[in-house]
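This is what each chain is made of:
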Amino acid sequence: PTVTFNIPDGSVNVNAKTATVTADTSVTIDSPATSITGTLDVSGAITASSTLDVTGAVTAGSTITATGDVIGATISLSTHKHSGGTIEGNTGTPIP
């Protein structure tokens, strides 16, 4: 069976100490914007099909792999060059 709530001019609030949603196949949230005000703990993989915009620091406990270029402080990891250089192989700072 399906339970549907149609409240076009109102809202639905759930207030509880804990809340769990369990679904055998999937859960879909269809909204133009979604806010989570606390810590989000994800134990499975995350797939993003659009831009990921992070305003805080990013910490990775493993390898970060990119199929495109990685740019830090306007310097491209794929195409940047270095100034200077010595016979020992040491180079100067990257050139944007």
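Shown above is the structure to which this text applies.
In this text the structure is predicted, and so the values were computed from the model without any measurement. (Residues numbered from 1 in each chain as written. Predicted model: local features only at pLDDT ≥ 70, side-chain atom pairs only at ≥ 80, totals over all residues. Heavy atoms only, no water.)

*Asks:* Looking at this model, I keep getting lost on the overall build of the protein. Mind explaining?
*Replies:* Helix and strand content of the protein: zero helices and four strands. The N-to-C order of helical and strand elements in the protein reads β-β-β-β. Radius of gyration (C-alpha) of the protein: 23 Å, far over the 12 Å computed for a compact globule of 96 residues. If you line up the protein on its principal axes, its C-alpha atoms span 75 × 30 × 25 Å. The buried share of the protein, taken over its 96 residues, is 1%. In the structure as shown, the protein presents an accessible area of about 9700 Å², 53% of it carried by carbon and sulfur atoms. (Helix = DSSP H or I, 4+ residues; strand = E, 2+ residues; numbered from the N terminus. Rg over C-alpha atoms; globule rule 2.2 N^0.38 Å. Buried < 20%, exposed > 50% of the residue type's maximum accessible area, 1.4 Å probe, protein only. Areas by Shrake-Rupley, 256 points an atom, 1.4 Å probe, with all protein chains shown as cover.)

*Asks:* Help me understand the side chain of Ser76, please; the structure alone is not making it clear to me.
*Replies:* Tracing the chain through its elements places Ser76 in strand E2 (residues 75-76). There is a polar contact of 3.2 Å between the side chain of Ser76 and the backbone nitrogen of Ser78. (Polar contact = N/O pair within 3.5 Å; in protein donor to acceptor, adjacent residues only side chain to side chain.)

*Asks:* What's the story with unusual backbone geometry in this structure? I'm lost.
*Replies:* Phi is positive for Ala73, close to 50 degrees, though the residue is something other than glycine. With respect to the element layout, Ala73 can be found in the loop between strand E1 (71-72) and E2. On the basis of relative accessible area, Ala73 is assigned to the exposed category, the value being 71%.

*Asks:* What should I look at first to understand the layout of surface pockets in this one?
*Replies:* It is the rolling of a water-molecule-sized probe over the atoms that shows where space remains empty. A volume near 440 Å³ is recorded for the largest pocket. As for the largest pocket, its lining consists of Ile29, Thr34, Ser35, Ile36, Gly38, Leu40, Asp41 and Val42. Considering only residue class, the lining of the largest pocket consists of four nonpolar, three polar and one charged. (1 Å grid on protein atoms, 1.4 Å probe; cavity = no way out; pocket = protein on both sides within 12 Å on 5 of 7 lines; lining within 4 Å. Points joined across faces, edges and corners; volume = space filled by probe spheres on them. Nonpolar A, V, L, I, M, F, W, Y, C, P; charged D, E, K, R; others polar.)

*Asks:* Please explain the environment of Gly38 as it appears in this structure.
*Replies:* Tracing the backbone through its elements, the reader meets Gly38 in the segment before E1. Since its relative accessible area comes to 48%, Gly38 is described here as partly exposed. Here the alpha-carbon distance between Gly38 and Thr28, two residues 10 residues apart in the chain, equals 20 Å.

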